[in-house]
Amino acid sequence: MTIAEIEDAVLDRLETAGLNLRLEVKKGLAGIPKPTVHLSVDAGRFEKVSQSTYRETIVLSLYVGFRNVKSEKDRRRGVYPIVEGIVGILILQTLDLGGVTPFIPKGFRNVTDSEMDQAGEVAYLLEFETSYPVSRTETESSADLLTTGLNYFLKPGDNVADASDVVDLGS
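Residues numbered from 1 in each chain as written. Predicted model: local features only at pLDDT ≥ 70, side-chain atom pairs only at ≥ 80, totals over all residues. Heavy atoms only, no water.

(A) A look at a negative patch on the surface. Together, Glu 5, Asp 8, Asp 12 and Glu 15 line one region of the surface with negative charge. Here Glu 5 shows up in helix H1 (residues 3-16). (Patch = residues over 30% accessible without salt bridge, like charges linked within 9 Å, V, L, I, M, F, W, Y side chains within 5 Å. Areas by Shrake-Rupley, 256 points an atom, 1.4 Å probe, with all protein chains shown as cover. Salt bridge = Lys/Arg side-chain N within 4 Å of Asp/Glu carboxyl O. Lys, Arg positive; Asp, Glu negative; His and termini not counted. Charge placed at Lys NZ, Arg CZ, Asp CG, Glu CD. Helix = DSSP H or I, 4+ residues; strand = E, 2+ residues; numbered from the N terminus.)

Here it is, written out as structure tokens:
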């Protein structure tokens, strides 16, 4: 299990549940079209389970952005159903990910800054926790963690890599 797999499964679940918003793996909301939901993993902790296994608990942060220039009340009335919908969609889900504990909602809060408020935007942060077992990686397979691939996108918007590199961090 990886954090990226959990992020992808959350986004897939929100999309298949009909949450008709822009969904991305990203932290924060500034400068993004509204309404939107950004997902990031902002914290984690480990607890020893056995001699070679730990349980990793992660905090999934979902940033919800909504825009309505009419009034603050209308902004709040527009973002509340999105917040409540996300909670209803994700609460106690395991998303068919083996070993993942059910998603537990930890809370939400208004994170709107003054610049966003002046632009007619509101932002909320929802947090969920889940956990899964992690074990020591054997030396042979950990070598893959020391190699990374880079893609260069020179033509904006076409999503085609114009050049690629592989960097070996172990040498």
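Back to the write-up after that little detour.
(B) Broad picture of H1. Taking 1.5 Å of rise per residue, 14 residues should cover 20 Å, and H1 covers 20 Å from first to last C-alpha, within 8% of that figure. When we look at burial in H1, the residues that qualify are Ile 6, Glu 7, Ala 9, Val 10, Leu 11 and Leu 14. Positive phi appears at Gly 18, one or two residues downstream of H1, with a value of about 90°. (Expected span 1.5 Å × (residues − 1). Buried < 20%, exposed > 50% of the residue type's maximum accessible area, 1.4 Å probe, protein only.)

(C) A look at unusual backbone geometry. Unusually for a residue other than glycine, Leu 95 sits at a positive phi of about 55°. Leu 95 sits in the buried class, given a relative accessible area of 14%. Not every positive phi belongs to a glycine, and Asp 96 is a case in point at roughly 55°. Mapping Asp 96 onto the fold places it in the loop between helix H2 (72-90) and strand S4 (104-110). Owing to a relative accessible area of 79%, Asp 96 belongs among the exposed residues under this scheme.

(D) Quick peek at the nonpolar core. The biggest cluster of nonpolar side chains holds 28 residues, and the ones touching the most others in it are Ile 6, Val 10, Leu 62 and Ile 86. Secondary-structure elements contributing two or more residues to this core are H1, strand S2 (36-48), strand S3 (53-67), H2 and strand S5 (121-135). Setting aside chain neighbours within four positions, we find Leu 62 in contact with Val 10, Leu 14, Val 37, His 38, Leu 39, Ile 86, Leu 90, Tyr 124, Leu 125, Leu 126 and Phe 128. (Core = buried A, V, L, I, M, F, W, Y, C linked by side-chain atoms within 4.5 Å. Contact = heavy atoms within 4.5 Å.)

(E) View of the environment of Ser 61. For Ser 61, the position within the fold is in strand S3. In this structure, the C-alpha to C-alpha distance between Ser 61 and Phe 108, residues 47 residues apart in sequence, is 9.3 Å. Here Ser 61 is in contact with His 38, Leu 39, Ser 40, Asp 42, Leu 125, Leu 126 and Glu 127, once residues within four sequence places are set aside. Here the side chain of Ser 61 touches Asp 42 through a polar contact of 2.9 Å, side chain to side chain. (Polar contact = N/O pair within 3.5 Å; in protein donor to acceptor, adjacent residues only side chain to side chain.)

(F) The arrangement of the pairing of S2 in detail. Sheet analysis places S2 next to S3, joined by 12 bridges and oriented antiparallel. Across the sheet, the residue bridging to Ser 40 is Ser 61, located in S3. What sits between S2 and S3 in their antiparallel hairpin is a turn of 4 residues. (Pairing = 2+ DSSP bridges.)

(G) Quick peek at the packing of H1 against H2. As a packed pair, H1 and H2 sit with axes 10 Å apart at the nearest point and diverge in direction by 115°. For the element pair H1 / H2, the angle class is roughly perpendicular. For the pair H1 and H2, the sense of crossing is right-handed. Taking contact as the criterion, the partners of Val 10, Arg 13 and Leu 14 in H1 are, on H2, Ile 86, Ile 89 and Leu 90. Across the contact of H1 with H2, the residue classes tally to 5 nonpolar, no polar and 1 charged. (Axes fitted to C-alpha atoms, helices over the stretch in contact; angles between N-to-C directions. Parallel < 35°, antiparallel > 145°, perpendicular 65-115°, else oblique. Left-handed = near helix turned anticlockwise from the far one by under 90°. Nonpolar A, V, L, I, M, F, W, Y, C, P; charged D, E, K, R; others polar.)

(H) View of the packing of aromatic side chains. Summed over all chains, the structure comprises 2 aromatic pairs. Centre to centre, the rings of Tyr 80 and Tyr 124 are 6.1 Å apart; their planes meet at 80°, and the pair counts as edge-to-face. Of this pair, Tyr 80 sits in helix H2 while Tyr 124 is found in strand S5, placing the two residues 44 residues apart along the sequence. Relative to Tyr 124, the ring of Phe 108 lies with its centre 6.1 Å away and its plane at 45°, an arrangement referred to as tilted. (Phe/Tyr/Trp six-rings, centres within 6.5 Å; stacked < 30°, edge-to-face > 60°.)

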